[in-house]
Amino acid sequence: GERPPLVPSSEQRRLIEAVLNTTGSSPVLVTGRRGRGKSASLGMAAAVLLQRGAGCILVTSPSQPATWQLFEAAARYLGDDCEVRRPSPFELQTGPGGRIEFVSPADLLVGDGLARLRNAQFLFVDEAAGLPVDVVVELLWRARRVVMSTTLDGYEGSGQGFMLRALPQLRIRKQELRHFELQAPMRWNLGCPLEKLANAAMLLDAKPVDNDLVADASVENSSFEVLDQQVLSEWRHEDELSEIFGMLRCGHYKTKPSDLSTFLDEPSMRWFVLRFNGHVIGLVIAAIEEPIEDKHVAEAVYKRQRKARPQLIAQALSLDAGFLEATGMRHARVMRLCVHPGLQRRGLGASLLKRSIAELLRAEQVDAVAACFGATAYLMKLWRNVGGELAWLAHGREPSSGHHSATVLLPCTARSRHLLHRAQARLALQLPELLLGPLARLSADVLAELLAGLPPPGGCPRDGDEPDVQDVADVRSFAWGARQVSCCRYALVRAFLSAMRPPRATLDPRSEQVLLDLVQGRDVNEGLLRPAVRKLPWAAPPDASEGRAREGGEATAQGAARRVPRSERRACCEPGEKK
């Protein structure tokens, strides 16, 4: 039958009015428990915006299906208007130019997505807690007007953790950010006992221990402990389990209630904690991944003909990196590392991770301790500081975060060390080419951490060796002369990659980005590239006579830049950015 018309509640009407008044400096954040009508409110607000000629409204979320309610609410609110068209469940068009359309977060932050983001009148971010904080911050910075929503509990990400991690950063960048919390339930009556039962059963109200009780914790006065998850699941430990899960919710943006069942029931899990005054202030959860004993299965995994889901490290190193022998190794994979939100940046996480790794190496007969995580500069440096060595960087990017997945190993057997060295050598050899393709959006900071954990890339000198004489000649003659980029490109790439290795050369952000654009195959204006190259160590003139020739070289270079065809004289920036 026909669906009844969608009528907003008084709370939703106030929220819709706030969305209509959103400006670039005053974004909106909507929070609430499950069933409070957040997605429906955003859908009705989008519909009103279209009725008022708002133009393009982009919708993004960690999961496209999670936005279905938003599009459905918008369509119902617009009614049977003959101008309303819905080409797909996640696209709605009205009038000559009005539309609502879903775009994944990863696609919004690269290439043509950046141009679409800037041209859109509004960006709606549904279930923002399911995205990394840095992604939310970048979306907030790049979009014209932003409306965000997140669930404070449930399966869409850790809303409470989002409030602790992200909200302070969002307010720093947008001091006029407005926060609305929807409190009236739409699916049941206020105070419904069934909702209370569900919250208690799934620990949806779980919070870490109060800050005041652990404020004095430090590496020196905290104790390390191996935790028995079977004992933890007993009723007498319910309060402690609630504190631990509350800390997990705050510490990882994808924590969901089903994780608790997995971590407690799976016999391959290992729990390690830091305690202070009896309270858990840090947690590491690791999984023992057994080798794939069946050779036919191992071969099929290697050829990407099937998956062996529990063996994530074996799959990454075999079907992705290309080393079949990884399927026969036993790994201890660190799945979670979190520290109480009030105690971060005190060294507790690194201390806990080191002690957990040592215990895994002592107690488990594994070939290596390993981890897979989104490749941010911070996490790569953290793992490098505790002895982790990069073995693989995934070519694809995680849709919600936009990060490549890094695989690190701490080998403890000869065959694992041999595999690691081969994997690193191969990745380093391929790196210049990968930066032109699957790694073409890697940031400078992540690239620097990648280079810090690998042998010198193909063509770059080894540590302590002098660079190739012809490479140096090409770099200097381009920097101080008028040679073409195409004639010197390979030397320029090696010069930049060498400069990014430890000790990383000091380059200003503009010059670093220009050089990164060259290495990653984006269009570069020679008038911007030449002065950037001059700041590389290999470009330094060897004597004063060459230094005195700089002025003439600069004039010649400027003349050459003027002769570059107009189609090639584009500023070195991301596609879609203003020149």
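Residues numbered from 1 in each chain as written. Predicted model: local features only at pLDDT ≥ 70, side-chain atom pairs only at ≥ 80, totals over all residues. Heavy atoms only, no water.

Another aspect to go through is the overall build of the protein chain. A tally of helices and strands in the protein chain yields 24 helices and 15 strands. About 26900 Å² of surface is accessible on the protein chain, with carbon and sulfur atoms providing 50% of the total. (Helix = DSSP H or I, 4+ residues; strand = E, 2+ residues; numbered from the N terminus. Areas by Shrake-Rupley, 256 points an atom, 1.4 Å probe, with all protein chains shown as cover.)

Hydrogen bonds along the backbone pair up the strands of a sheet, which may run parallel or antiparallel. The strand order 3-4-5-2-6-7-1-8 describes an open sheet built from eight strands, whose pairing is mixed. Each end of this open sheet is capped by a strand with a single partner; those strands are strand 3 (84–88) and strand 8 (178–182). When strand polarity is set aside, the average angle formed by the axes of neighbouring strands in this sheet is 15 degrees. Note that strand 1 (residues 28–32) and strand 8 share five bridges and pair parallel. Residue pairing for strand 8: Thr-31 is matched across the bridge by Glu-181. Together, strand 2 (56–60), strand 6 (122–125) and strand 7 (146–151) form the strand contacts of helix 6 (residues 133–142), whose direction differs from that of strand 7 by roughly 155 degrees. (Pairing = 2+ DSSP bridges. Axes fitted to C-alpha atoms, helices over the stretch in contact; angles between N-to-C directions. Contact = heavy atoms within 4.5 Å.)

A large share of strand 11 (residues 279–289) lies buried, amounting to ten of its eleven residues. With eight bridges joining them, strand 10 (residues 269–276) and strand 11 adopt antiparallel strand pairing. When the bridges of strand 11 are listed, Met-269 appears paired with Ala-287. Adjacent in sequence and paired antiparallel, strand 10 and strand 11 are bridged by two residues, among which Asn-277 carries a positive phi angle near 50 degrees. Pairing of strand 11 with strand 12 (residues 331–339) involves eight bridges; the strand directions are antiparallel. Residue pairing across strands places Ala-287 opposite Arg-333, the latter belonging to strand 12. (Buried < 20%, exposed > 50% of the residue type's maximum accessible area, 1.4 Å probe, protein only.)

We now examine the sheet that holds strand 15 (residues 404–411). With mixed pairing, seven strands are arranged side by side in an open sheet as 9-10-11-12-13-15-14. Unpaired on one side and paired on the other, strand 9 (223–227) and strand 14 (389–397) mark the two borders of the sheet. Sheet twist, expressed as the mean angle between neighbouring strand axes with direction ignored, is 25 degrees. Alignment of strand 12 against strand 13 (residues 368–374), held across four bridges, turns out to be parallel.

Quick look at the packing of helix 19 (residues 469–480) against helix 20 (residues 485–500) now. Between two packed helices, the angle of one axis relative to the other and the distance separating the axes together describe the packing. Two numbers describe how helix 19 lies on helix 20: the axes approach to 8 Å, and their chain directions differ by 115 degrees. Of the two elements, helix 19 crosses helix 20, and the hand of that crossing is left-handed. Here helix 19 contributes Asp-471, Asp-474, Val-475 and Phe-478 to the contact with helix 20, which in turn contributes Val-485, Cys-487, Cys-488, Ala-491, Leu-492, Arg-494 and Ala-495. Counted by class, the contact of helix 19 with helix 20 contains eight nonpolar, no polar and three charged residues. (Left-handed = near helix turned anticlockwise from the far one by under 90°. Nonpolar A, V, L, I, M, F, W, Y, C, P; charged D, E, K, R; others polar.)

Turning our eyes to something else, we now look at the packing of aromatic side chains. Applying the stated rule across the entire model yields four aromatic pairs. Note on Phe-71 and Phe-90: the rings are 5.9 Å apart at their centroids and 90 degrees apart in plane angle, and the pair reads as edge-to-face. Highlighted residues: Phe-71 in helix 3 (residues 68–78) and Phe-90 in the loop between strand 3 and strand 4 (91–94), separated in sequence by 19 residues. Across this residue pair, the class does not change: Phe-71 and Phe-90 are buried. (Phe/Tyr/Trp six-rings, centres within 6.5 Å; stacked < 30°, edge-to-face > 60°.)

Moving on to the side chain of Arg-36. Relative to the elements of secondary structure, Arg-36 occurs in the loop between strand 1 and helix 2 (38–51). Overall, the relative accessible area of 7% leaves Arg-36 in the buried class. Among the polar contacts listed, one links the side chain of Arg-36 to the backbone oxygen of Gln-183, at a separation of 3.2 Å. (Polar contact = N/O pair within 3.5 Å; in protein donor to acceptor, adjacent residues only side chain to side chain.)

With respect to the helices and strands, the residue Asp-126 is situated in the loop between strand 6 and helix 6. Among buried charged residues, Asp-126 stands out as having no salt bridge; its nearest opposite-charge side chain is Lys-38, 7.3 Å away. (Lys, Arg positive; Asp, Glu negative; His and termini not counted. Salt bridge = Lys/Arg side-chain N within 4 Å of Asp/Glu carboxyl O.)

As a further point, take the nonpolar core. Membership of the largest hydrophobic core comes to 76 residues, with the highest contact counts inside it found for Trp-383, Leu-447, Leu-450, Phe-496, Leu-497, Leu-529 and Val-533. No other element matches the ten residues that helix 20 contributes to this core. Listed in part, the 30 residues of the second largest apolar core include Leu-42, Ala-45, Leu-49 and Leu-92. (Core = buried A, V, L, I, M, F, W, Y, C linked by side-chain atoms within 4.5 Å.)

Evaluation of the coordinates by the stated rule reveals zero disulfides. Looking at Cys-488, it has no disulfide partner, and the nearest cysteine sulfur is the one in Cys-487, 6.0 Å off. (Disulfide = S-S within 2.5 Å.)

Our focus in this paragraph is the pairing of strand 15. Counting buried residues in strand 15 gives seven out of eight residues, a clear majority hidden from the surface. Note that strand 13 and strand 15 share seven bridges and pair antiparallel. Bridge assignment links Gly-374 to a residue of strand 15, and that residue is Ser-405.

The subject of this paragraph is the pattern of salt bridges. The tally for this structure, following the rule as stated, stands at 23 salt bridges. Glu-359 is paired through a salt bridge with Arg-362; the nearest N and O atoms lie 2.6 Å apart. Remark: Arg-362 and Glu-359 occur in helix 15 (residues 348–363); sequence separation between them is three residues, near one turn of the helix. Among the charged side chains, a network of salt bridges with common partners joins Arg-99, Glu-101 and Arg-116.

The next thing to look at is helix 18 (residues 444–452). For helix 18, the buried fraction is high: seven of the nine residues fall into the buried class. At its buried positions, helix 18 is contacted by helix 16 (377–385), strand 14, helix 17 (414–434), helix 20 and helix 21 (509–519).

Attention now moves to unusual backbone geometry. Across the junction of Pro-502 and Pro-503, the peptide omega takes the value -5 degrees, indicating a cis bond. Although it is not a glycine, Glu-127 adopts a positive phi angle of roughly 55 degrees. By the element assignment, Glu-127 lies in the loop between strand 6 and helix 6.

Bringing the packing of helix 16 against helix 18 into the picture now. Taken N-terminus to C-terminus, the directions of helix 16 and helix 18 make an angle of 20 degrees; their axes are 9 Å apart at the nearest point. Taken together, helix 16 and helix 18 sit at an angle that is classed as roughly parallel. Classified by chirality, the crossing of helix 18 by helix 16 is left-handed. In this structure, helix 16 contributes Ala-377, Met-380, Lys-381 and Arg-384 to the contact, and helix 18 contributes Asp-445, Val-446, Glu-449, Leu-450 and Ala-452. (Parallel < 35°, antiparallel > 145°, perpendicular 65-115°, else oblique.)

Attention shifts here to helix 21. Counting buried positions along helix 21 gives eight out of eleven residues, so the element sits mostly inside the fold. Taken residue by residue, helix 21 has Ser-511, Glu-512, Val-514, Leu-515, Leu-516, Asp-517, Leu-518 and Val-519 as its buried positions. For helix 21, the elements touching its buried residues are helix 18, helix 20 and helix 22 (526–533). One or two steps after helix 21, the chain reaches Gly-521, where phi turns positive at roughly 80 degrees.

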